[in-house]
Amino acid sequence: KKINDNYGHSIGDEALHQIGLRLKNISTDYLTAYRFAGDEFIVIVKQDKDDSFLTEANACLDIFRKTFDLQGLSYPIHCSMGIALYPRDTQNTDDLIVYADLAMYKVKKASKNAFCFYHELEQ
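Being a predicted model, the structure only gives us computed values, none of them experimental. (Residues numbered from 1 in each chain as written. Predicted model: local features only at pLDDT ≥ 70, side-chain atom pairs only at ≥ 80, totals over all residues. Heavy atoms only, no water.)

Trainee: Would you mind going over the overall build of the chain in detail, with residue names and values included?
Mentor: In terms of helices and strands, the chain carries five helices and six strands. Listed N to C, the secondary structure of the chain is α-α-β-β-α-β-β-β-α-β-α in terms of helices and strands. For the chain, the C-alpha radius of gyration of 15 Å lies close to 14 Å, the compact-globule estimate for 123 residues. Taking all 123 residues of the chain together, the buried fraction comes to 33%. A fraction of 50% describes how many contacts in the chain between residues 6 or more apart in sequence connect residues 24 or more apart. Accessible area of the chain: about 8,000 Å², with a carbon and sulfur share of 50%. Across the chain, 14 positive and 18 negative side-chain charges occur, with their mean positions spaced 6 Å apart. (Helix = DSSP H or I, 4+ residues; strand = E, 2+ residues; numbered from the N terminus. Rg over C-alpha atoms; globule rule 2.2 N^0.38 Å. Buried < 20%, exposed > 50% of the residue type's maximum accessible area, 1.4 Å probe, protein only. Contact = heavy atoms within 4.5 Å. Areas by Shrake-Rupley, 256 points an atom, 1.4 Å probe, with all protein chains shown as cover. Lys, Arg positive; Asp, Glu negative; His and termini not counted. Charge placed at Lys NZ, Arg CZ, Asp CG, Glu CD.)

Structure (structure tokens):
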């Protein structure tokens with residue numbers, strides 16, 4: 001939104017495109033990213049252990065550590081991630097998205113370039 005408001009939709013679209021490419025570059029057989037809506041992406045990670053998600057979450061954060069070249073403008077883009085786990089948090093797909101959103105909003109309020117697990121909200 002900030003990029004669109006300050007520089008126009010074509011640069012905002014370029015930012016989304018570059019984020020998508022960076023996510024594609026870290027995709028594997030068990031990590032797949034999808035654009036969800038607006039400036040939101042969903043990353044599906046197929047793992048059996050909760051602690052294994054830390055590696056993937058940090059890999060997603062790493063793609064935002066380098067600034068983005070947006071039509072000659074070097075621009076930092078930040079990432080706020082919420083993580084919900086199946087089946088730990090819920091077995092319902094819609095609820096997984098809602099729970100990940102709730103965790104993401106906690107990150108947005110507290111900081112940027114970070115992530116939060118949904119189950120940490122309960123503490």
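Moving on from the coordinates now.
Trainee: Tell me about the pattern of salt bridges, residues and numbers included.
Mentor: Summed over all chains, the structure comprises two salt bridges. Ionic pairing is found between Lys-1 and Asp-5, a salt bridge with its closest N-O pair at 2.7 Å. Since its relative accessible area comes to 67%, Lys-1 is described here as exposed. A salt bridge links Arg-65 to Asp-62; the shortest N-O distance between them is 2.8 Å. Overall, Asp-62 belongs to the partly exposed group, its relative accessible area being 44%. (Salt bridge = Lys/Arg side-chain N within 4 Å of Asp/Glu carboxyl O.)

Trainee: I'd like a rundown of the side chain of Ser-80, residues and numbers included.
Mentor: Relative to the assigned elements, Ser-80 resides in strand β5 (residues 80–83). Judged by relative accessible area, which is 14%, Ser-80 ranks as buried.

Trainee: I'd like a description of the packing of aromatic side chains, backed by residues and values.
Mentor: Considering all chains together, one arrives at four aromatic pairs under this definition. Ring centres of Phe-64 and Phe-68 lie 6.0 Å apart, and the angle between their planes is 45 degrees; on these two criteria the pair is classed as tilted. A residue is classified by how much of its surface remains accessible, and Phe-68, at 0% relative accessible area, is buried. Its guanidinium or amino end placed over the ring of Phe-68, Arg-22 lies 3.5 Å from that ring's centre, counting from NZ or CZ. (Phe/Tyr/Trp six-rings, centres within 6.5 Å; stacked < 30°, edge-to-face > 60°. Lys NZ or Arg CZ within 6 Å of the ring centre and 35° of its normal.)

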